[in-house]
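# Remarks on the overall topology
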Amino acid sequence: MSEFLMLSLVPMLVGILAAVICALLGNFLVLRRQSLVGDAVSHVALPGIVAAFLLTGTIAAVPMMLGAAASAIVTVALIELVRRVGRIEPGAAMGVVFTAVFALGVLVLEQSDTSTVHLDVEHALYGNLESLIWFAGATGPSALVDPAALGELPPQLGRLAVVLVVVAAFLAAAWKELFIGTFDPGFARAIGARPGLVGMALVVLVAVAAVAAFDAVGSIIVIAMFICPAAAARLMTDRLAPQLAWSVGFAVASAIVGYVAAGYGPLWLGFADSVSAAGMIATVSGLILAVACLAAPRRHGNKPQAA
Amino acid sequence: MATHLVPKPALVAVAGRAFGDAHPESPLAVAGLTVSYGDKPVLFSVDYAVPPGAMVAVVGPNGAGKSTFIKAALGIVPRVSGEITVYGRPLAEGLERIAYVPQRASVDWDFPATVLDVVVMGLYREIGLLRFAGRRHRERAMACLERVGMAAFAHRQIGQLSGGQQQRVFLARALAQNADLTIMDEPFAGVDAATERAIVEVLKALKAEGRTIVCVHHDLATVPLYFDHVLLLNVRKIADGPVAAAFTPAALQETYGGRLTTAQIDEAAAAPAASAS
Amino acid sequence: MDLFLSALLLQAGYNTAVVSIGAALLGAGAGAIGSFVLLRKRSLVSDAVSHATLPGLALAFILMALVTGDGRHLVGLLVGAAASAGLGLVAVEWVARRTRLPEDAAIGAVLSVFFGLGIVLLTVIQSLDTGRQAGIAAYLVGSTAGMLKSEAETIAVASFLVALAVFVLRRPFVLVAFDPEYAAARGIDVRRTDLAMMGLMLAVTVIGLKVAGLVLIVALTIIPPVAARFWTNRPEPMVVIAAAIGAFSGYAGAAISSTGPGLPTGSVIVLVAFAVFLASLVVSPQRGAAAMAFAQLAFRRRVHARQGLLALAHGEPIYDGLTLRVLRRAGYIRRDGVATLAGRAAAAAASREEAIWSLYRRLNPVDAANADHQGLVPLEEALPPDVVADLERRLRGETGLTAAEAAR
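Residues numbered from 1 in each chain as written. Chains lettered and ligands numbered in written order. Predicted model: local features only at pLDDT ≥ 70, side-chain atom pairs only at ≥ 80, totals over all residues. Heavy atoms only, no water.

## Some points on the nonpolar core
Let me state the cut-off plainly: In this text, buried Ala, Val, Leu, Ile, Met, Phe, Trp, Tyr and Cys residues form a nonpolar core when linked through side-chain atoms within 4.5 Å. A 1.4 Å probe rolled over the protein chains alone gives each residue an accessible area, and that area as a share of the maximum for its type sets the label: buried under 20%, exposed over 50%, partly exposed in between. Comment: elements are numbered from the N terminus, with helices defined as DSSP H or I runs of at least four residues and strands as E runs of at least two. We call two residues in contact whenever any of their non-hydrogen atoms come within 4.5 Å of each other.
Ranked by size, the top nonpolar core spans 271 residues in total, and within it Phe226 of chain A, Ile158, Leu203 and Val230 of chain B together with Ile33, Val226 and Phe277 of chain C carry the most contacts. A per-element tally of this core places helix H10 (residues 195-234) of chain A first, with 27 residues. Discounting residues that sit within four places of it in the chain, leucine 203 of chain B has contacts with Met55, Leu171, Met184, Phe188, Ile213 and Cys215 of chain B. By size, the runner-up hydrophobic cluster in this structure holds 31 residues, among which are Tyr48, Ile70, Ile76 and Leu95 of chain B.

What follows is the structure in structure tokens.
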């Protein structure tokens, strides 16, 4: 039990929180056909973090999040600019901008002296859930109610909890605007529902979520967490609120099953070492999506019926 | 020789406000509206003031700027030039008095919403910031659905509706906005006859309440039947005014010239007008 | 700097030379096939394809390590990469076509899930075989440092073959990219052509993995074609220009990357390509930003001038401030709004043109619809002189006045 508390509780909670945050936002990305904005934002989170690191000299969380958010805004603005000025289709504009920004990030990363700080490319790409150890948990279940022990929880947990509250608050506050703006942007503009502003806010939150989840699953697997649970949920129902609920359920399942399979699976199969928890979480979410594509009730969408 | 051969000096007005003073009762007035994609204008220098309380048909060949006219007038697409006023006020202020019903095809109908959800959207301004739709709003929305005969479908997913049903839902959403001016883009395209009749009844009822209706319309034969005013567009404004005066063979010839036979034009212009109702 | 120049001139050693040439050929092939994919609007599918190579790479490594003791044979790895990438491609099509999910969701899902699976397999490799697996990590961001001569040669040859294949298939590719229905009517099997297109895209992606890394190889298939778009509107020149830009980026990028540590090849190549893209965006005379902005402003001024002159001629009020400014600046009206002599002449001319166009529209509506730019193009450029003379005669004949007089 104390081993579970020390080694597994926090990673699992962090994984669950990250997955839920991403799934909530991901519902709207999928509906707005902006799944690849999640792709772009996750790729450019790295350069934003590198920039923040270079400017502040630390890898503290707040500068990192601000760096990633700034990087996302700059990227999206650049994509819009390139799209408009160059009259290119949005997918290509996205491809040009975010790959270039990512390349810049990798270059700067390799150039700068990162030997004193843990900021290597691979961990940025696929996270490090397994390192979130709660030493105080070794003392057993009593640690759960001991304020001193709780104070030693890895900070990623608290951070993610805060981001979850912010995301939930945003979705509640801007529910109508998101709903109308996604369904009919022209009408939304005409009726004053500010689709442009709300869309920008969504992108900023996606960037913040990407950074918050960074520690857990790295920047590329975050894309799986934005898309897969939400996409699977989309195939389960025709109503938006139930869709959000399904997506949260799938996200939690992916996080738990993925973490357990990565940590204990190999042991059960007779191997000594565990495999990447982040990768396994993404894989499980993909499997859930695959099953949904094959068997979910609303997977074929709606066809109009005779009048 | 000459002074009467030379154009008179220009009058100038000082600011956009002056244009608003020129048409204070018009629900929507535009001057010099020009829209272009690239360097060929789709709409050039259109001047038009919607008469209050009228039911106006906007007609013209396909691709000649009818939808563009509406979208530019409402600020949905950018314009190269043009002053716009709503009841004499700037567009931004007056927009809340206008209900806009876009073309059906502009929306993804597989969206997770019910018929009632869509109608409630029309009540957005009333619901207010940071609030959710309450029972009162849902009842209002149901009342609008009843006016268009779609109350039974309130909880149906919108993707399951036929074209005519979708159009009625859009109309119900516009009714929910309780607007002084309702603008519809091709409301009768691809709908069944029963829906067409139902929509016309609702529009006539709105007009009877003193509201104004503007429709981009595709079917020349029904213009005199449903509408009392017409605006003929083919990149420029060709003619406008009461149907009897403006919907003439000559004007139609100039608007559609080459795209309709003379017989079709004469037939359209000669169609019997609706009896006073 | 010396290092860079000698690398550029292929004098920094055989290895570097082969790598540079290989990178150039890779860039050319990527630019070429990327152009067709861009025209077909499938550019981001290649992002999914490149990320989907990871599980195949890892599995191939494991299999080869188990069988031969060393998992790093390039060809074997690339075969594995191609297999899982192909699977990824099929998965994207299947999800987008068989469910209500849009294509971008399918792309993102395949991209991230396959990548996640690949990461899992990478950690399996880590636990099985310490030390040797570092080679795989290079496939993530690309590294030509320490590339074997044989590997560089393989890449060069394979890239050349891809470029050749694109050349051979250029006719069907162009037709399908431009107008699939027309191509089908001409007897071309659109489905097979699409398959070949995506297959070559996959080949380029897989070949380029070692040089550019899987995250950035996509950039080589998107940036050069998009840059080429600014220089031409026709597909064949676009492909050639894209290939040239890709080749240049590959060559220069590889040369720069060889001059020191901390210069990952993939990143440098992509940034060179992006620099070319930016230059094209701004500078291109046809579609570059500067040219377009200029043309837009000029157009706007012409519209306002025309509308202002017509209003002047008809004695109508002018409300738009910009119109007044344009007229003032052109010397057509004075500060107080009264028309100058030049203004009156211009207004009369505009009015005359309007009358001519109006008559032309009435007599020849179909021709007029094509030629009429609403007076924004001078009459002499839009209509041949004999037509204009004829219309003038008619106007005069109808009313006994000249066109200018009739306009009043």
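## Description of the confidence of the model for chain C
All names here are of chain C. This is how the line gets drawn: The score called pLDDT rates the predictor's confidence residue by residue, from a low of 0 to a high of 100.
With 91% of its residues at a pLDDT of 70 or more, chain C has an overall mean of 84. At the level of individual helices and strands, chain C shows its lowest average pLDDT in helix H22 (residues 403-407), which scores 56, and its highest in helix H13 (residues 217-229), which scores 92. Across the interface, the model reports ipTM at 0.90; the global pTM reads 0.84.

## Some words on a nonpolar patch on the surface
Under the convention used in this document: The patches reported here contain residues having more than 30% relative accessible area and no salt bridge. Joining distances are 9 Å for like charges and 5 Å for nonpolar side chains (Val, Leu, Ile, Met, Phe, Trp, Tyr). Computed with a 1.4 Å probe, the accessible areas rest on the Shrake-Rupley method; for each residue, only the protein chains presented here act as cover. When a carboxyl oxygen of Asp or Glu lies within 4 Å of a side-chain nitrogen of Lys or Arg, that pair is called a salt bridge.
Together, Val157, Phe160, Leu161, Leu164, Phe167 and Val168 of chain C give the surface a local cluster of nonpolar side chains, amounting to about 600 Å² of exposed area. Here valine 157 of chain C shows up in helix H8 (residues 149-168).

## Here's the deal with the pattern of salt bridges
If you walk through the whole model with that rule in mind, you get 28 salt bridges over all chains. Between glutamate 353 of chain C and arginine 306 of chain C there is a salt bridge, and its shortest N-O distance comes to 3.4 Å. With a gap of 47 residues between them, glutamate 353 of chain C in helix H18 (residues 341-363) and arginine 306 of chain C in helix H16 (residues 289-314) connect regions that are remote in the sequence. Relative accessible area serves as the criterion here: at 11%, glutamate 353 of chain C is assigned to the buried category. Between arginine 306 of chain C and glutamate 354 of chain C there is a salt bridge, and its shortest N-O distance comes to 3.5 Å. In this pair, arginine 306 of chain C is assigned in helix H16 and glutamate 354 of chain C in helix H18, connecting sequence segments 48 residues apart. With respect to class, arginine 306 of chain C is no different from glutamate 354 of chain C; both count as buried. The structure contains a network of salt bridges with shared partners spanning Arg234, Asp238 and Arg298 of chain A, Asp110 of chain B together with Arg100 of chain C.

## As for the sheet that holds strand S4 (residues 81-86) of chain B
Our working definition: Any two strands with at least two DSSP-identified bridges between them are counted as paired. In this analysis an axis means a line fitted to C-alpha atoms, helices contributing only their contacting stretch, and an angle means the value between N-to-C directions, from 0 to 180 degrees.
Strand order in the open sheet made by the 4 strands is S2-S1-S4-S5 (chain B), with antiparallel pairing throughout. Both outer strands of the open sheet, strand S2 (40-49) and strand S5 (89-90) of chain B, are each paired with one neighbouring strand and no more. Together, strand S1 (29-37), S2 and S4 of chain B form the strand contacts of helix H2 (residues 66-73) of chain B, whose direction differs from that of S1 of chain B by roughly 115 degrees. Against the sheet, H16 of chain C makes contact with S1, S2 and S4 of chain B, and its axis sits at roughly 40 degrees relative to S2 of chain B, the strand it touches most.

## So, the interface of chain A and chain B
How big an interface is tends to be expressed through the accessible area that disappears when the partners come together. Operational definition: The buried area of a pairing is the accessible area, by a 1.4 Å probe, that goes missing from both parts when the two are put together, added over both.
With 31 residues of chain A at the contact, the number on the chain B side is 34 residues. Carbon and sulfur atoms make up 61% of the surface buried where chain A meets chain B, a total of about 2,900 Å² over both sides. Three residues stand out in chain A for area buried against chain B, namely Lys176, Phe183 and Phe187 of chain A, and they jointly supply 25% of the buried area on that side. Here chain A and chain B share 4 salt bridges between them.

## A few points about the sheet that holds strand S6 (residues 98-101) of chain B
All names here are of chain B. Across the sheet, which stays open at both edges, the 6 strands sit in the order S6-S7-S8-S3-S9-S10 with mixed pairing between neighbours. With one partner strand each, in any of the chains shown, S6 and strand S10 (236-242) form the two edges of the open sheet. Strand after strand, the sheet turns through a mean of 15 degrees between neighbouring axes, direction not considered. Both strand S7 (residues 181-185) and strand S8 (residues 212-216) contribute to a ladder of 5 bridges, which runs parallel. In the strand pairing of S8, isoleucine 183 is matched with valine 214.

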